[in-house]
Every structure is written in C-alpha cells, then in structure tokens.
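Here's the letter readout for the chains.
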Amino acid sequence: VLGRAWYNKFIILLRSMTMPQLMTKEEIHEFGLQILSRYLEANAYEIEMMHPNMQMFPHIIAKKNGQLVFIIAATDVYPNKGSFADSEKAALLENAAKFDAQAACAYLGIANAAGAKAKDKELCGKAYKDADVIIIGVGTPERRDGSANLDYVYGVCEQIAKSVEKDVVVVVKSTVPIGTNDEVERYLKNNVRDGININVASNPEFLAQGTAVRDTLYASRIVIGTECKEAEEVLLRMYEPLTKEPYNVPLLSTNRRSAEMIKYASNDFLALKISYINEIANLCEKLGANIEDVSKGMGFDSRIGNKFLNAGIGYGGSCFPKDTKALHYLSSQVGAELRTVKACIDVNESQKIKLYEKLLGDFGNLKGKNIAVLGLTFKPGTDDLREAPSIYNIELLLDAGAVIKAYDPISIESFKKRISYKLEDDGVVGSISYFTDIDSTIMNTDAVLIMTEWPMIKECDIARYEELMASPRIYDGRNCYKLSDVEKYNVYYDSVGRKTIDNCSKIKKKTRS
C-alpha cells in the first residue's frame, strides 16, 4: 500500500525512462492500467471491478482464490492540478503486491475526508474489513502557521475504525509530527468496536520524486517504529524480502517517536545542506571564488559527502519546505527552538527570488520588458509545482509589469491554474504566455531566467540565446552551463556562486520584428 506521493513520483519514471516521448494524461492512464491488468492476470488475480474512466474515480478490486487482496480507490488529491489520477501509476502494484501478498492492501489516496465520495469510502471500508495491515500514506500539508495538517490522516483513521472487523496493524507512512502515532493509536482504540485490537506503527518513507521505485527496492534504509512485539513482528515479516538479496536494504527497528523524528531530522538536515551551500555560493560571488570547485573540494571529505551540494535558487517540492517548517514549529512549541532550521528556512525564502533581484538590479525598471522563464517545476523529472521558485519569481515579474514567456516540458497547464489567481488581480500590470519549445520562448526577449535544470534546457545550444534573443542576458539559477562554454559566445551570463560573464559589449542591440 502506497501513498499518493508514490504515484506522483512513479508517473515521472514512466515519462522520463520508459517512454521516448512525453505522453498525454490519457495515454499514461491507459498505459498504467494495461500494466496492472497484465500483472493481475499473469498472477491469477480476479478483477472484480475495473473502472478506467478518469472522470469517475477509477476503482480496481483484485481477488485471489476468492480472497480480497487489494483495492485501489483512486481520487485526485490535488483537484486544482487537473492532470493525473492515481490509477495512472498502477504499475507500482507489480512491485507492491510482491512485498506482502497475504495482506489486504488499501490504497489511501483520498482528496479530503469531507469531499471524498461515498462510494470511495465504501470501497475502502471493504478493503479494511479483513486487512492484516493497513498503511496510511496520505498527505500532511502545512498550515499557515507552519504546523502539519493531519486532517487527512484522521479522516482515514475514522474510516478504519468504522470498518475493521479483526485485529490489525495500522502503519503510518505519512510524515507526521513526533507523537502523532501515539495520538492515532489512542483515537483508533477509543473508536473501534469492542474486542478488536489495533496496534499502530510508524514507517516513514524515504523516496525522492522521479526515483520512487528504485528508492524502494534499493532503499538507503527501512525504519519501523513500534511499541509492541506483535506490530514489530508483522512489519519485519512484511519487509523481509527487501532485507535479502538482491536488495539488502538495512532495517532499523526503534520506538514510534524515534521513527517519526528520523524522518524529520533526515529531511531537515538535507535542507540545511542546501541552504548552507547556497549561502556559501552567495559569498563566493562577492569574493571571486567558484562554488562548483568549492563544493567538489568539500565533497571529497567523506564526513561531508558530495550530495546536496549543488548551489542554486533554493529547494521546493512537497517535503523540505513543509518538513522544515513543521519541525521548527514543533520545536518552538516545546521550548527547544531549532534555530539552525529557522535559519535554513529564512535562507531558502530569500534564495528563491535571487534571480529576480539580480534582474531588477540590472534593469532597474522591468515594466514592458520581455522576460523568458525556462522551467516551472521545482526540479526536473517531476510535474510538482509546490514551492517552486518559478512561482515566486513570476509573481514578482507580473507585479513589476514584465511581459513573461514561460516554458516547461510537462507542467504548463498545471501552472496556468496555479497562477490564475494572480492574473485576476486588477493591480497586476504584467502578462504571461506559454510555449512548448525553447526557441519560441526566448525569441526577442530581453532576458532569460532559468528556474529548472531540465535536460532539454541544459542541452540547449548557447548560440541559440545569442541568435534569438533581443538582448542575450541569461540568469541561470541552476548553473546549467559550463563557464568555459559560455565564454565562447556574445552573451551576458549570471549564474549562482560563479563569476559573471559579460560579453554583451560585443553585441549590437537587435530590433524586434
């Protein structure tokens, strides 16, 4: 059983690794169902119901020898995203079912407890009824004050308490504040019918978007947190295949609160590394050092390592922003404020708009300036726009009156919906249009902001900027190009933590056609 985030990550695996061309959402949906159907049939599963209509919440109930094995109740967790349904990524079950073929698996991708359709609840209830293990993998988005929103977790718990008919282990895989598993167990025990015992375990996931399948089969570690031997034995048995050849994943068994803390401490440490190297990069710009050489030199030290030392315009996505804020909020509430994490958050907020500040400093007035933005997602290999630097920079550019031309290989439609509120503001004087190729995006522009290091952007011939732009000024937030390559062209190139290349004096101002 896997959370919505799993499927978000796997869909990009299909796009970037399996398919030579990007697929439409309908094609991906159909492809995922084909893979799942093939797997179910090959392994003698009987499909009780399979509703492939994306608009009607697809459902799949699979049985083996008459016994319920798993159910997918697919809903759209991010309805304003409007792009993908969970069953598009159903190929994951080819691996998931192998992990614990005996347990009934309930897929818990619920948009929200209040809005979930009645038939979704009925289907989930049917899966919970005879389950040995139920894994909760719903989202825990941040609230305005930085705390974690646990409404979806408790929405699922309410369904579980009403539906289970025998003893069960409930595993919380969602990232939740320390102590949440205790509260979840207390809630379930108080609300389940008499005679049924529910044990709750913590089992945080350590997956990266775009590599979820690999990160599961060849994980850095498996962490389980339990308070009783019975629950520990169930999870040890469930994960036993992954601890053996060919996977050999290390497994740590601890108590629930320690497991919850391991997840937060891990994510926040990685975020700290990013903010730290970004601050070092900013200092490198002032002192004439090269951040790439500095990072490489640091990375040789095994105590530091070479991961998460790529300077840029900050982290985004669904994990680091909310997890840093949630842990800082929790630490403040108990009187042990994590000042390092607070500094990490502050640095990241300012780093996100670094390119805009450079652009404004160079131009002074951006009203009417034609600005290209290359990349909208927070990183390549995903369609995720959450906390993406592009959003913050484009909002500022719109306020400043810029004429924006935006490019992204997969997230244009999602971004339109995300930024629509801004365009409805009467005070906004700028405008934005969208393009599906880089050449059209940069044509006749005064400056380019690179927000995401998509392969097609990194592979773009630098000569194209010189040839197509009205004024070839490149502000690279992801250090996509080697300085030695850029120096060959008549462009202005300002990246992060490296020297600025200014060959614009060789350029005659072009007239826009």
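Residues numbered from 1 in each chain as written. Predicted model: local features only at pLDDT ≥ 70, side-chain atom pairs only at ≥ 80, totals over all residues. Heavy atoms only, no water.

Describing the overall build of the protein chain
Consideration 1: Within the protein chain, the regular secondary structure consists of 19 helices and 16 strands.
Consideration 2: Put simply, the protein chain has 513 residues, and 56% of those count as buried.
Consideration 3: Considering only contacts within the protein chain whose residues lie at least 6 apart along the sequence, 71% involve residues at least 24 apart.
Consideration 4: Entry remark: accessible area of the protein chain is about 22500 Å², with carbon and sulfur atoms responsible for 51%. (Helix = DSSP H or I, 4+ residues; strand = E, 2+ residues; numbered from the N terminus. Buried < 20%, exposed > 50% of the residue type's maximum accessible area, 1.4 Å probe, protein only. Contact = heavy atoms within 4.5 Å. Areas by Shrake-Rupley, 256 points an atom, 1.4 Å probe, with all protein chains shown as cover.)

A word on the confidence of the model for the protein chain
Reading predicted coordinates in detail is not appropriate for stretches of low pLDDT.
Consideration 1: Put simply, the protein chain has an average pLDDT of 79, and 73% of its residues get 70 or more.
Consideration 2: Segment residues 48–62: pLDDT under 50, and 61 contacts once partners within four positions in sequence are set aside and those in other chains are kept.
Consideration 3: Contacts of residues 67–119 to residues separated by more than four positions or lying in other chains number 174 contacts, the stretch itself having pLDDT below 50. (pLDDT = per-residue confidence, 0-100.)

Brief notes about the packing of aromatic side chains
Both the distance between ring centres and the angle between the ring planes are used here to describe each pair of aromatic rings.
Consideration 1: Applying the stated criterion across every chain yields a total of seven aromatic pairs.
Consideration 2: With 6.2 Å between their ring centres and 50° between their planes, Phe308 and Phe320 make a pair best called tilted. Within this pair, whereas Phe308 is found in the loop between helix H10 (291–299) and helix H11 (320–333), its partner Phe320 is found in helix H11, the two being separated by 12 residues in sequence.
Consideration 3: Judged by relative accessible area, which is 13%, Phe320 ranks as buried.
Consideration 4: Their ring planes at 50° and their centres at 5.9 Å tell us that Tyr475 and Tyr492 sit as a pair that is tilted. Taken together, the residues Tyr475 in strand E14 (residues 473–476) and Tyr492 in strand E15 (residues 492–494) connect sequence positions 17 residues apart. Taken individually, Tyr475 and Tyr492 each receive the classification buried, so the pair is uniform in this respect.
Consideration 5: Chaining the aromatic ring pairs together yields one cluster made of Phe308, Tyr315 and Phe320.
Consideration 6: Above the ring of Phe206, the side-chain terminus of Arg221 is found at 3.7 Å from the ring centroid. (Phe/Tyr/Trp six-rings, centres within 6.5 Å; stacked < 30°, edge-to-face > 60°. Lys NZ or Arg CZ within 6 Å of the ring centre and 35° of its normal.)

Re H11
Consideration 1: Across its 14 residues, H11 extends 20 Å between first and last C-alpha, which sits within 8% of the 20 Å expected from 1.5 Å per residue.
Consideration 2: Counted residue by residue, H11 has 10 buried out of 14 residues, so it is predominantly covered.
Consideration 3: Those residues of H11 lying buried are Phe320, Pro321, Lys322, Asp323, Thr324, Lys325, Ala326, Leu327, His328 and Ser331.
Consideration 4: Against the buried residues of H11 lie helix H9 (256–287) and helix H12 (339–352).
Consideration 5: Positive backbone phi, at 80°, marks Gly335, one or two positions downstream of H11. (Expected span 1.5 Å × (residues − 1).)

Focus on the pattern of salt bridges
Consideration 1: One pass over the structure, following the stated rule, counts 28 salt bridges.
Consideration 2: Here Glu413 and Lys416 are joined by a salt bridge, their closest N and O atoms 3.3 Å apart. Here the residue Glu413 and the residue Lys416 both occupy positions in helix H15 (residues 412–423), the gap between them amounting to three residues, near one helical turn.
Consideration 3: One salt bridge connects Arg464 with Glu467, and the closest N-O pair in it is separated by 2.9 Å. (Salt bridge = Lys/Arg side-chain N within 4 Å of Asp/Glu carboxyl O.)

Section: the sheet that holds strand E16 (residues 501–502)
Consideration 1: In spatial order, the strands read E12-E11-E10-E13-E14-E15-E16; together these seven strands make up an open sheet with mixed pairing. Only two strands of the sheet have a single neighbouring strand rather than two, namely strand E12 (431–435) and E16. (Pairing = 2+ DSSP bridges.)

Considerations on the environment of Ile391
Consideration 1: Locating Ile391 in the fold gives a position in helix H14 (residues 389–399).
Consideration 2: Taking relative accessible area as the criterion, Ile391 reaches 1% and is therefore assigned buried.
Consideration 3: When near neighbours in sequence (up to four residues on either side) are disregarded, Ile391 contacts Leu385, Phe415 and Arg418.

Comments concerning H9
Consideration 1: Taking 1.5 Å per residue, 32 residues should reach 46 Å; H9 reaches 47 Å between its end C-alpha atoms and fits that length.
Consideration 2: Phi turns positive one or two residues past the end of H9, at Gly288, with a value near 85°.

A look at the nonpolar core
Consideration 1: In this structure, Leu359, Ile394, Leu397, Ile404, Phe415 and Leu449 are the most contacted members of the largest nonpolar core, which totals 28 residues.
Consideration 2: Taken together, the elements giving at least two residues each to this core come down to helix H13 (354–363), strand E10 (370–374), H14, strand E11 (403–407), H15 and strand E13 (447–450).
Consideration 3: Residue contributions to this core peak at four residues, all from H14.
Consideration 4: Beyond its immediate chain neighbours, meaning those up to four positions away, Leu359 contacts Gly364, Leu366, Ile371, Leu397, Ala447, Leu449 and Tyr475.
Consideration 5: Ile136, Ala148, Val156 and Ile196 belong to the second-largest nonpolar core, a separate cluster that totals 26 residues. (Core = buried A, V, L, I, M, F, W, Y, C linked by side-chain atoms within 4.5 Å.)

Some remarks on the pairing of strand E5 (residues 133–136)
Consideration 1: Every second residue of E5 is oriented toward a common face, with Val133 and Ile135 on one face and Ile134 and Ile136 on the other, all of them buried.
Consideration 2: As defined by bridge partners, E5 adjoins strand E6 (residues 168–172) across four bridges and the pair is classed as parallel. Bridge assignment links Ile134 to a residue of E6, and that residue is Val170.
Consideration 3: Handedness of the E5-helix H5 (residues 151–163)-E6 crossover: right-handed. (Right-handed = clockwise from strand over helix to strand, strands pointing away.)

Considering the packing of H13 against H14
When two helices pack together, their arrangement is given by the angle between their axes and by how far apart the axes lie.
Consideration 1: Running from amino to carboxyl end, H13 crosses H14 at an angle of 30°, the nearest separation of the two axes being 8 Å. One element, H13, and the other, H14, form an angle in the roughly parallel class. The residues of H14 that touch H13, namely those facing Leu355, Tyr356 and Leu359, are Asn393, Leu396 and Leu397.
Consideration 2: Residue composition of the contact of H13 with H14, by class: five nonpolar, one polar and no charged. (Axes fitted to C-alpha atoms, helices over the stretch in contact; angles between N-to-C directions. Parallel < 35°, antiparallel > 145°, perpendicular 65-115°, else oblique. Nonpolar A, V, L, I, M, F, W, Y, C, P; charged D, E, K, R; others polar.)

Considering the layout of surface pockets
Consideration 1: In this structure, the largest pocket spans a volume of roughly 1700 Å³.
Consideration 2: Within the residue set of the lining of the largest pocket, elements represented by two or more residues are helix H7 (212–217), H9 and H10.
Consideration 3: Split into classes, the residues belonging to the lining of the largest pocket amount to 19 nonpolar, 16 polar and 12 charged. (1 Å grid on protein atoms, 1.4 Å probe; cavity = no way out; pocket = protein on both sides within 12 Å on 5 of 7 lines; lining within 4 Å. Points joined across faces, edges and corners; volume = space filled by probe spheres on them.)

Let's talk about unusual backbone geometry
Consideration 1: Each neighbour pair has its own omega, and for Glu245 with Pro246 the value is 5°, a cis peptide bond.
Consideration 2: Here Pro246 lies in the loop between helix H8 (229–239) and strand E9 (251–254).
Consideration 3: Positive phi is not limited to glycine here, since Glu387 has a value of about 60°.
Consideration 4: Of note, Glu387 is situated in the loop between E10 and H14.
Consideration 5: Backbone geometry at Asn444 places phi at a positive 60°, although glycine is not the residue there.
Consideration 6: Tracing the backbone through its elements, the reader meets Asn444 in the loop between helix H16 (438–442) and E13.

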